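Inside the fold
Each chain, written out:
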Amino acid sequence: MSQRVIAVTGGHGELGRAVVEAAVADGLQVAVIDHAAGPGVPEGVLELGGVDLTDGQAARRAVDAAAERFGHLDALLNIAGGFVWQTTDDAEPAWDRMHALNLKTALNASRAALPWLKRSEDGRIVNVGANAALKSAAGMGAYAASKAAVHRLTESLAEELKTTSVTVNAVLPSILDTPQNRVDMPEADPSKWVRPADLARVMLFLASPDSRAITGALIPVVGRV
């Protein structure tokens, strides 16, 4: 039985790196697809950089390159995205940017991966939504709206694929314990946040054959609340 192959968008971010490291430790073949440059990837990982996933053709070329390199593709983990805190009356509203970074990247990568995933006995798409999108707050409108759209994409795509071997689920993390978040929120208690390594384990379970009975789920991952 050949090794499972996963593609990770946004693989150079804090969560992306945690997923890649855990996947490699689990013996998976991994392709990293990212627009940003990173500090490098573990040996054996295919790195596809400079990819604008808001462009459907660019997403297709990158996903095809990953699948062709390994001969197949079993799972897509859509981690690429962005965050902004901004009130609605801001002079330069970020709604379009959040829509592009969070929804369009997941949509384009998923569309590109589907022909490959349908050939797998256990094809998987795992999206990253947001617990904050379940009920928004001041300054969170643009971000929460874009992540709520990811939730609806997850549910609709799961329904569309129920006659195939492909499942689609999303994790809904709260605050991730990253160096940047600690800088941005110095008064908060990071022990209550979610470690990227812990979220990575949940995502890799959803990307595995063991999760075949789960599809269309929006799974909160909120740490100690």
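Here's what I pulled together on the structure shown here. (Residues numbered from 1 in each chain as written. Predicted model: local features only at pLDDT ≥ 70, side-chain atom pairs only at ≥ 80, totals over all residues. Heavy atoms only, no water.)

This part covers the packing of aromatic side chains. One pass over the structure, following the stated rule, counts 1 aromatic pair. A ring pair is formed by Phe-83 and Tyr-143, whose centres lie 4.8 Å apart and whose planes are at 75 degrees; its orientation type is edge-to-face. Of this pair, Phe-83 sits in the loop between β4 (75-78) and α3 (95-117) while Tyr-143 sits in helix α4 (residues 141-160), and the two are 60 residues apart along the sequence. A cation over a ring is seen here: Arg-119 above Trp-116, with NZ or CZ 4.5 Å from the ring centre. (Phe/Tyr/Trp six-rings, centres within 6.5 Å; stacked < 30°, edge-to-face > 60°. Helix = DSSP H or I, 4+ residues; strand = E, 2+ residues; numbered from the N terminus. Lys NZ or Arg CZ within 6 Å of the ring centre and 35° of its normal.)

Close contact between α3 and α4 brings their axes to 7 Å; oriented N to C, the two are set at 20 degrees. Classified by the angle between their axes, α3 and α4 sit roughly parallel to one another. In the crossing of α3 with α4, the sense of the turn from one axis to the other is right-handed. Contacts between α3 and α4 involve Trp-95, Met-98, His-99, Asn-102, Leu-103, Ala-106, Leu-107, Ser-110 and Leu-114 on the former and, on the latter, Gly-141, Ala-142, Tyr-143, Ala-145, Ser-146, Lys-147, Ala-149, Val-150, Leu-153 and Leu-157. Tallied by class, the residues present in the contact of α3 with α4 amount to 13 nonpolar, 5 polar and 1 charged. (Axes fitted to C-alpha atoms, helices over the stretch in contact; angles between N-to-C directions. Parallel < 35°, antiparallel > 145°, perpendicular 65-115°, else oblique. Left-handed = near helix turned anticlockwise from the far one by under 90°. Contact = heavy atoms within 4.5 Å. Nonpolar A, V, L, I, M, F, W, Y, C, P; charged D, E, K, R; others polar.)

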